[in-house]
Amino acid sequence: MRQLIALIAVFIICFGCNAAEPESKVYEIMFSVKATADQEKQFKNKIVPWASIKNSESDSLRLIDSNLKVISAREATVVIDYPVSKPVNFKITSESGFTKGDLLRRVGQIYRQLYKDEEASSTIKTVPMDKRQGVINRNTTDGKYGIWGHDIDDLDISSATISCTKGKCIIELEIES
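Just so it is clear, the model here is predicted, and its values are computed rather than measured.

Participant: Mind laying out the overall build of the protein chain, listing which residues take part and the relevant values?
Facilitator: Each helix and strand in the protein chain was counted, giving 3 helices and 10 strands. Taken from the N to the C terminus, the helices and strands of the protein chain come in the order α-β-β-β-β-α-β-β-β-β-α-β-β. Residues counted as buried form 38% of the 177 residues belonging to the protein chain. Counted over contacts in the protein chain with a minimum sequence separation of 6, partners at least 24 positions apart contribute 60%. When the accessible area of the protein chain is evaluated, it comes to approximately 11,000 Å², of which 56% is carbon and sulfur surface.

Next comes the structure, spelled out in structure tokens:
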């Protein structure tokens, strides 16, 4: 009888260990939004496979599964590597973790501030759209981040890869232009 009780106790302990959240996990989330009336002609399934960075606040209202919690940690690091000269990390915090909508809004806030800081710190100013000739991409500036190639209006987010290890999460963005 003691052996049976010991065996059951070992089983319960081991089963409990396996049920715990893994120390390390990597997963991808998508940022698809419901199409507007104007977009429905272009997207037959009425789903746009990306969200606007510039308009992240309004796009978060159309985001599929906006309220789905995707990070339970209270802190995460967002890696911005496009369109900047060198990757830069931004720490975000939340008392209750992050939903997809939270992440979209935070990424938009980060990019809007990044572009504002770039303009303020650059000696080379952004050529206005109506003054650009040939390829109309944004000129490279020499500010804090060295933004090149694209205005914030050009940027969309399609997905993010989230890597969490021991409660620390890194968010790598898939930015489209």
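Participant: Could you give an account of the side chain of S158, with specific residues and numbers?
Facilitator: Mapped onto the elements of the fold, S158 is located in strand β9 (residues 156-165). Here the side chain of S158 touches E176 through a polar contact of 2.8 Å, side chain to side chain. Once you skip the residues sitting within four places of it in the chain, S158 turns out to touch I29, M30, F31, P49, W50, E174 and E176.

Participant: I'd like to hear about the side chain of S32, residue by residue, with values.
Facilitator: Relative to the helices and strands, S32 resides in the loop between β1 (24-30) and β2 (33-34). S32 sits in the buried class, given a relative accessible area of 17%. Apart from the residues lying within four places of it in its own chain, the contact partners of S32 are I47, V48, P49, W50, R62, L63 and I64.

Participant: Report on the environment of E174, specifying residues and quantitative values.
Facilitator: Counting through the fold element by element, E174 comes out in strand β10 (residues 168-176). Spatially, the C-alpha atom of E174 lies 5.2 Å from that of S159, the residues being 15 residues apart in sequence. Every residue in contact with E174, bar those within four places of it in the chain, is listed here: D156, I157, S158 and S159.

Participant: Which residues make up the state of the cysteines, and what are the values?
Facilitator: Summed over the entire model, instances satisfying the criterion amount to 1 disulfide. The disulfide partner of C164 is C169, and the S-S distance across this bridge is 2.1 Å. Between C164 and C169, the disulfide has an S-S torsion of 110° and is therefore right-handed. Residues C164 and C169 agree in their burial class; the two are buried.

Participant: Account for the packing of aromatic side chains, naming residues and giving values.
Facilitator: Tallied over the full model, the rule gives 3 aromatic pairs. Arranged with centres 5.4 Å apart and planes meeting at 90°, the rings of Y82 and W148 form a pair that is edge-to-face. You can see Y82 sitting in the loop between β6 (75-80) and β7 (88-93) and its partner W148 sitting in the loop between α3 (100-121) and β9, a full 66 residues away along the chain. Overall, the relative accessible area of 33% leaves W148 in the partly exposed class. Taking the centre distance of 6.2 Å and the plane angle of 45° together, the rings of F90 and Y145 count as tilted. Of the two residues, F90 is situated in strand β7 and Y145 in the loop between α3 and β9; the sequence distance between them amounts to 55 residues.

Calculation rules
Residues numbered from 1 in each chain as written. Predicted model: local features only at pLDDT ≥ 70, side-chain atom pairs only at ≥ 80, totals over all residues. Heavy atoms only, no water. Helix = DSSP H or I, 4+ residues; strand = E, 2+ residues; numbered from the N terminus. Buried < 20%, exposed > 50% of the residue type's maximum accessible area, 1.4 Å probe, protein only. Contact = heavy atoms within 4.5 Å. Areas by Shrake-Rupley, 256 points an atom, 1.4 Å probe, with all protein chains shown as cover. Polar contact = N/O pair within 3.5 Å; in protein donor to acceptor, adjacent residues only side chain to side chain. Disulfide = S-S within 2.5 Å. Phe/Tyr/Trp six-rings, centres within 6.5 Å; stacked < 30°, edge-to-face > 60°.

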